[in-house]
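Residue strings, one per chain:
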Amino acid sequence: MSIYGRGDPWGGPLEIAADSATDDDRSRNLQDFDRAAISRPLDETQQSWLLGPGEQKKKRYVDLGCVIVSRQIFVWTVGTLLVAGLIAGFITLIVKTVPRHHHPPPPPDNYTIALRKALMFFNAQRSGKLPRHNNVSWRGNSGMNDGKSDPSWTLTKDLVGGFYDAGDAIKFNFPASFAMTMLSWSVIEYSGKYEAAGELNHVKEIIKWGTDYFLKSFNSSADSIDRLAAQVGSGQTSAGSTTPNDHYCWMRPEDIDYPRPVTTCSSCSDLAAEMAAALASASIVFKDNKAYSEKLVHGAKTLFKFSRDTGKRGRYSSGNEAEYMYNSTSYWDEFVWGGAWLYYATGNNSYLSLSTNMEMAKHAGAFWGGPDHGVFSWDNKLAGAQVLLTRLRLFLSPGYPYEEGLKTYHNQTSIFMCSFLPYFTSFNRTRGGLIQLNHGRPQPLQYVVNAAFLAALYSDYLDASDTPGWYCGPNFYSTDVMRTFAETQIDYILGKNPRKMSYLVGFGSHYPKHVHHRAASIPKNKVKYNCKGGWKWRDSMKPNPNTIVGAMVAGPDRHDGFHDVRRNYNYTEPSLAGNAGLVAALVALSGDKKKIDKNTMFSAVPPMFPTPPPPPAPWKP
C-alpha cells in the first residue's frame with residue numbers, strides 16, 4: 001500500500017513505501033552502509049559530529065607572548081635543555097677536577113738568551129747617577145762633575161750621564177750616537193720580538209739614557225747652534241806623558257778624581273748629523289710620548305741644520321785626539337743617513353730630496369765600490385742608509401722625483417748583500433767561517449754584527465714585500481740565504497768556532513775572563529785605588545773579579561786565534577758600537593720568524609698618493 005503525503009522539497013512527491021524486507025536483509029544493508037561510510041576519510045568537523053560533544057580531543061597550548069606553541073613541544077624542549085645543561089655541567093666539573101699536565105712554554109732560543117745578556121752591557125757602561133734597578137752590583141754613581149770641572153764648557157755646565165765608550169771612562173758622542181741609532185732602528189723594526197723577550201722597556205730605557213745625554217750636549221731648545229760637545233774625558237797617551245787621564249790611569253769610574261776636560265767642536269758636520277740621526281730615530285721609538293718625541297725631533301732638526309751649514313763644514317776628529325781613536329773619514333754618508341732618519345721622523349720631503357740626490361750619493365761613495373764598499377760601521381753609514389732608503393722603495397714606492405736615487409740605493413744594497421755570500425770573493429773568511437769585513441785587521445766583530453743585522457733585516461724586508469729573493473749577476477738567491485749568512489756569523493760569535501769560545505761574556509761556559517775593562521777588573525772592596533794603584537789589577541793574571549755580562553769583546557784574529565789577555569785590547573775590549581750592532585742582529589734572529597713592523601717607521605710620513613675627494617652631490621634642478 002502506498003501513502004502519498006506532502007510533496008518532496010525538490011519538486012517530487014514524497015513516497016513512503018511499506019518495507020517488506022526481512023530483518024536479515026536490513027542487517028545486511030546496514031553493514032553495507034557502514035562499510036561505505038568508513039571507506040572515505042572524514043574531515044575534522046564531520047568527526048566532531050560523529051563523536052559528539054563529550055568525545056572531542058582537546059590540544060593544550062602555551063602562550064610565550066610572541067608565539068603560541070604546543071604544551072607537549074614546550075615541555076619536551078625545556079626538558080631537553082635542562083638535561084643538556086646538567087650533562088655539560090657534569091663534564092665541566094670532571095674536566096676541572098681531574099689533574100692536568102700543563103706543558104711549559106718552550107725554552108728561549110740562544111739568540112733570545114744572548115739578547116738579554118747583551119743589553120746588560122749597557123747597564124755596566126752607564127755614567128752619572130744610576131737608577132736603582134740598574135742590576136750591576138759592582139757599579140755605582142760616577143762622573144757626577146762632568147761638564148762642571150771644565151771652565152771652558154759654559155753652555156750647560158751639566159754633562160752628567162750618558163755612556164762610557166769601552167773599557168775606559170771616556171764619553172765619545174760619535175760612536176755613542178751610532179749605537180743609539182742602531183738600537184732605535186732595531187726597536188722600530190722588531191718591537192714585538194723585544195716584547196716577547198721581556199726586554200722592550202729595558203731597551204727603551206737604554207736609548208733614553210743616551211738621548212737625554214745628547215740633549216745636554218748642545219742648546220737643544222734653540223733653532224740654531226754654533227757648537228756642541230763632542231767628548232768628555234781624555235785618552236791622550238803621548239810618549240813620556242804622566243798626566244792622569246782616562247787611558248793613563250786604571251781606575252774604577254766611581255773613584256776618578258782627576259779633571260775630565262770637555263772637547264767641543266764648531267766644525268763637525270759628521271758628528272752633528274749622526275747625533276741628529278740618533279735623536280730622529282729615537283723620536284719614532286717614543287712616538288707615544290708626544291712631548292718627548294717632539295723635543296727629540298726639534299733637537300734633530302737643529303743639529304742637522306748645523307751640520308749642513310756650508311760655512312762650518314768639517315770632520316769632528318780633525319786635529320784632536322779622536323783622530324787616533326774614532327777618526328771620521330767623511331761627513332757625506334752622515335748627510336744621507338741623518339737625512340733619511342729625519343724624513344721618517346718628520347715626513348718633510350726636503351730631507352728625502354737631500355738623501356736621494358745623486359750628487360749627494362756620489363759624494364758619499366755610493367758608486368765607488370772599493371774594498372770597504374758595503375761595510376757598515378760607526379764611521380761609514382752608507383750601507384745602512386741604503387738599506388734604510390730601500391725600505392721606502394719596497395713598501396711605499398714614492399716614484400718621481402725620488403725614484404732614481406732610491407733605485408740606485410736598492411741596486412747597491414743588492415750588490416753588497418751578494419758580497420756577504422760565501423760564493424763571492426769580496427771578503428775573505430777564516431777557516432772557522434768568520435767573514436773578514438775589515439780585511440784581517442784587529443777588532444773584527446763590530447763589523448760582522450752590523451752586516452748580520454743588515455742581512456737579516458733586508459731578508460725580512462723582501463719577505464714582507466712578497467719578494468722571494470734577489471739576483472747576484474745571473475744567479476737568483478732566496479732570502480733564506482741572507483738569513484743563513486747572518487745566523488752563521490752570530491753562531492760563530494756565540495761559540496760555534498774552532499776554539500769553542502763564546503765572545504759574548506756570560507754566554508755559555510767558555511768565554512773571556514780577562515776583559516779589558518777598568519771597572520770589571522777592580523774588585524769592589526771599599527778600597528780606592530789611585531791612578532797608578534790600579535795598574536796591579538790591569539797587569540794581574542787572575543780573571544776579572546767582576547763579570548761584565550753581555551760584553552762582546554773585540555774578537556779573534558784572522559786565523560781564528562784569540563788571546564784572553566787584559567792588556568791586549570785588540571782581543572778583549574768591548575765597545576758601545578759593537579754591542580749595539582750585536583743587539584740589533586740578535587733581536588732580528590731571535591724567536592719566531594715574524595715579519596717586521598712595516599708601519600711604525602712611516603708613522604710621520606704623509607700618504608704618498610692622497611685619497612681622491614668624493615664625487616660631487618647629484619645635480620638637482
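This structure is a prediction, so every number in the text was calculated from the model and none was measured.

A. View of the overall build of the protein chain. If you tally the helices and strands in the protein chain, you get 19 helices and 9 strands. Relative to its full complement of 621 residues, the protein chain shows a buried share of 50%. Counting contacts in the protein chain only where the partners sit at least 6 residues apart, residues at least 24 apart contribute 73% of the total. As presented, the protein chain carries roughly 31100 Å² of accessible surface, and 56% of it is formed by carbon and sulfur atoms.

B. Representation of the packing of helix α15 (residues 479-493) against helix α19 (residues 576-589) within the structure. In the contact formed by α15 and α19, the axes pass within 11 Å of each other and the chain directions differ by 125°. In terms of orientation, α15 lies oblique with respect to α19. Viewed along their axes, α15 and α19 form a crossing whose handedness is left-handed. Of the residues in α19, those in contact with Arg483, Ala486, Glu487 and Ile490 of α15 are Leu582, Ala585, Leu586, Ala588 and Leu589. Grouping the amino acids of the contact of α15 with α19 by side-chain chemistry returns 7 nonpolar, no polar and 2 charged.

C. Just the packing of aromatic side chains, in detail. In this structure the tally under the stated criterion is 34 aromatic pairs. With 5.5 Å between their ring centres and 80° between their planes, Tyr248 and Trp535 make a pair best called edge-to-face. With a gap of 287 residues between them, Tyr248 in the loop between β6 (228-232) and β7 (262-265) and Trp535 in helix α17 (residues 535-538) connect regions that are remote in the sequence. By relative accessible area, which is 16% here, Tyr248 ends up buried. Where Trp337 meets Phe376, the ring centres are 5.6 Å apart and the plane angle is 70°; that geometry is what we call edge-to-face. Pair noted here: Trp337 is in helix α9 (residues 332-346) and Phe376 is in the loop between α11 (358-364) and α12 (382-395), with a separation of 39 residues, a long-range link. Connected via pairs of aromatic rings, a cluster forms that spans Phe178, Trp185, Trp337, Trp341, Tyr343, Tyr344, Phe376, Phe453 and Phe602. For Arg538, the ring lying beneath its charged end belongs to Trp535, and the centroid distance is 4.7 Å.

D. Focus on the nonpolar core. In terms of nonpolar packing, the biggest core is built from 164 residues, with Trp185, Leu228, Trp341, Tyr344, Met417, Phe453 and Ile490 touching the most fellow members. For this core, the leading source of residues is helix α14 (residues 445-464), giving 15 residues. With sequence-adjacent residues up to four places away left out, Tyr344 is seen in contact with Ile284, Leu388, Leu389, Arg391, Leu392, Met601, Phe602, Ala604 and Val605. Formed by 8 residues, the second largest nonpolar core is a distinct cluster that contains Tyr164, Met251, Ile256 and Cys531.

Parameters and conventions
- Residues numbered from 1 in each chain as written.
- Predicted model: local features only at pLDDT ≥ 70, side-chain atom pairs only at ≥ 80, totals over all residues.
- Heavy atoms only, no water.
- Helix = DSSP H or I, 4+ residues; strand = E, 2+ residues; numbered from the N terminus.
- Buried < 20%, exposed > 50% of the residue type's maximum accessible area, 1.4 Å probe, protein only.
- Contact = heavy atoms within 4.5 Å.
- Areas by Shrake-Rupley, 256 points an atom, 1.4 Å probe, with all protein chains shown as cover.
- Axes fitted to C-alpha atoms, helices over the stretch in contact; angles between N-to-C directions.
- Parallel < 35°, antiparallel > 145°, perpendicular 65-115°, else oblique.
- Left-handed = near helix turned anticlockwise from the far one by under 90°.
- Nonpolar A, V, L, I, M, F, W, Y, C, P; charged D, E, K, R; others polar.
- Phe/Tyr/Trp six-rings, centres within 6.5 Å; stacked < 30°, edge-to-face > 60°.
- Lys NZ or Arg CZ within 6 Å of the ring centre and 35° of its normal.
- Core = buried A, V, L, I, M, F, W, Y, C linked by side-chain atoms within 4.5 Å.

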